[in-house]
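# What the coordinates show
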Amino acid sequence: MKDAKSASRTITAVIIGLVLLGLIAAGIAGFFYLSASQKPLDPANKETTKIDVLPGETATMIGDKLEKNHIIKSSDMFKYYLKFNNISNFQAGSYELSPSMTFKQISKSLQEGKVYVPVAFKMNVPEGITIDQIAAIVEKNTSIKAADFEKQVNDPDFVKKMQKKHPKLISDDVFKENIKRPLEGYLYPATYEFTEKNPTIEEIVDKMLTATQDNAFPLWDKYGGIVINEAGTNKRLSFHEFLTFSSLVEREATGLTDRAKIASVFINRMEENPPMPLQTDPTVLYALGRHKEVTYEDDLKVDSPYNTYQNTGLPPGPIATSGKASMESVLNPAQTDYLYFLADSSGKNYFSKTLEEHNKLKAEHIDN
């Protein structure tokens, strides 16, 4: 009798063990199946399809649309993913979705009302820098060589291609004979987010031009490019001139408060009869193609249309990137009769109306 009971217990234990093993195996299989189902249907396929989500549509209805349009593999798995992660409250609207997107990306898009793609890297482009410095930043953040970036960005055919994409932004002014770099000053300073580790040069430049179109162009367009000088007369700047003027203020400014005054000095000099040269050192350094802290007397003799010691008016084009503060200062300059300014070693600016006063300040704050 004991042997029978013992055998019965053994059989029961074996059965229970097999059932548990079966459940564990099923759980493991289910886990891997669920994990696999959440992966993109086709990671290499970035082509998007327009998906319309209507008000009141359920997760099942949305999942069916996604499966039907070959965005996901399984509508049921998408529904289980949403339920398991307690995801709901989708925004109605039109979405551009691709088979390369994960369940997480798709669901975030539907919740936020926009396409969600994780950021691969960020690239910061500061104010007051030139294209060769931007090229160095690109090289640091991507697999693109600085020399290759510069070569393509300065290529006339490439610039014309960008002009077709941004016709309001890029005029034929950038192709004039004296222009050193066509897109100098047109690549907006900002922190850029990229969703791919290796964007192309065109993708990077297009993104930066779009930022200029979104930030700088509306500002210029709002005022019609009109600058009111101290005498109360209007001077209209083309967008190219606006970027050029802004870049001078950006490179000369040492603080936010003085930019409008610096702009007023440049305007007052251009309005003199005859016009006074702007005499701003950053244009000399740009003409020389050098980045250095001090401009020497011999540097001022460089033969270049960008040299504002030898030529009156604005240089042929921008000499650097410029931010909104400098742009706004150009369109809203201070109303002064200053014709001179200088900055001491601490960056403090001193403004004056006459050359005599200017030389006195120079002797006091620079020469000594």
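Here's what I pulled together on the structure shown here. Treat the numbers as computed from the prediction; the structure is a model and nothing was measured. (Residues numbered from 1 in each chain as written. Predicted model: local features only at pLDDT ≥ 70, side-chain atom pairs only at ≥ 80, totals over all residues. Heavy atoms only, no water.)

Take the overall build of the protein chain next. Secondary structure summary: the protein chain contains 13 helices and eight strands in total. Per-residue burial over the protein chain gives 41% buried out of 368 residues. Within the protein chain, contacts between residues at least 6 apart in sequence are counted, and of these 61% link residues at least 24 apart. Accessible surface computed for the protein chain: about 20400 Å², of which carbon and sulfur atoms make up 51%. (Helix = DSSP H or I, 4+ residues; strand = E, 2+ residues; numbered from the N terminus. Buried < 20%, exposed > 50% of the residue type's maximum accessible area, 1.4 Å probe, protein only. Contact = heavy atoms within 4.5 Å. Areas by Shrake-Rupley, 256 points an atom, 1.4 Å probe, with all protein chains shown as cover.)

A few words on the layout of surface pockets. Quantified by volume, the largest pocket comes out at close to 1200 Å³. Along its surface, the largest pocket is lined by 35 residues, and Glu252, Asp281, Pro282, Thr295 and Tyr309 are the ones closest to its centre. Counting only elements with at least two residues in the lining of the largest pocket, the list comes to α9 (239-252), α10 (259-271), α11 (281-288), β7 (340-343) and α13 (355-367). Here the lining of the largest pocket gets six residues from one element, more than from any other, and that element is α13. Looking at the lining of the largest pocket, its residues break down into 17 nonpolar, eight polar and 10 charged. (1 Å grid on protein atoms, 1.4 Å probe; cavity = no way out; pocket = protein on both sides within 12 Å on 5 of 7 lines; lining within 4 Å. Points joined across faces, edges and corners; volume = space filled by probe spheres on them. Nonpolar A, V, L, I, M, F, W, Y, C, P; charged D, E, K, R; others polar.)

With that out of the way, let us pick up α10. Along its 13 residues, α10 runs 18 Å from first to last C-alpha, staying within 8% of the 18 Å computed at 1.5 Å per residue. Counting buried residues along α10, 10 of its 13 residues qualify, which places the element largely inside the surrounding structure. Of the positions making up α10, those classed as buried are Arg259, Ile262, Ala263, Ser264, Val265, Phe266, Ile267, Asn268, Arg269 and Met270. (Expected span 1.5 Å × (residues − 1).)

Another point: the pattern of salt bridges. Pairing between side chains becomes possible if they bear opposite charge and their charged atoms approach one another. Evaluation of the coordinates by the stated rule reveals 10 salt bridges. Note that lysine 165 is salt-bridged to glutamate 202, the shortest N-O span being 3.1 Å. Pair noted here: lysine 165 is in helix α7 (residues 156-165) and glutamate 202 is in helix α8 (residues 201-223), with a separation of 37 residues, a long-range link. On the basis of relative accessible area, lysine 165 is assigned to the partly exposed category, the value being 43%. Judged by its relative accessible area of 18%, glutamate 202 falls in the buried class. Its salt-bridge partner being glutamate 184, residue arginine 181 comes within 2.7 Å of it at the nearest N-O pair. (Salt bridge = Lys/Arg side-chain N within 4 Å of Asp/Glu carboxyl O.)

Another point: the environment of alanine 334. Along the chain, the position of alanine 334 falls in the loop between α12 (324-331) and β7. Residue class for alanine 334 comes out partly exposed when judged on its relative accessible area of 22%. Distance in space between the C-alpha atoms of alanine 334 and isoleucine 267 is 10.0 Å, their sequence separation being 67 residues. Discounting chain neighbours no more than four positions away, the residues touching alanine 334 are Ala260, Lys261 and Ser264.

What follows concerns unusual backbone geometry. The step from asparagine 273 to proline 274 runs through a cis peptide bond, and the omega angle for that step is 0°. Along the chain, the position of proline 274 falls in the loop between α10 and α11. Backbone geometry places asparagine 89, a non-glycine residue, at a positive phi of 55°. Within the secondary structure, asparagine 89 is located in the loop between α3 (75-84) and β2 (93-97). You will see that glutamine 279, though not glycine, has its phi angle at about 50°, which is positive. Take glutamine 279: it is sitting in the loop between α10 and α11. By relative accessible area, glutamine 279 is classed as partly exposed at 35%.

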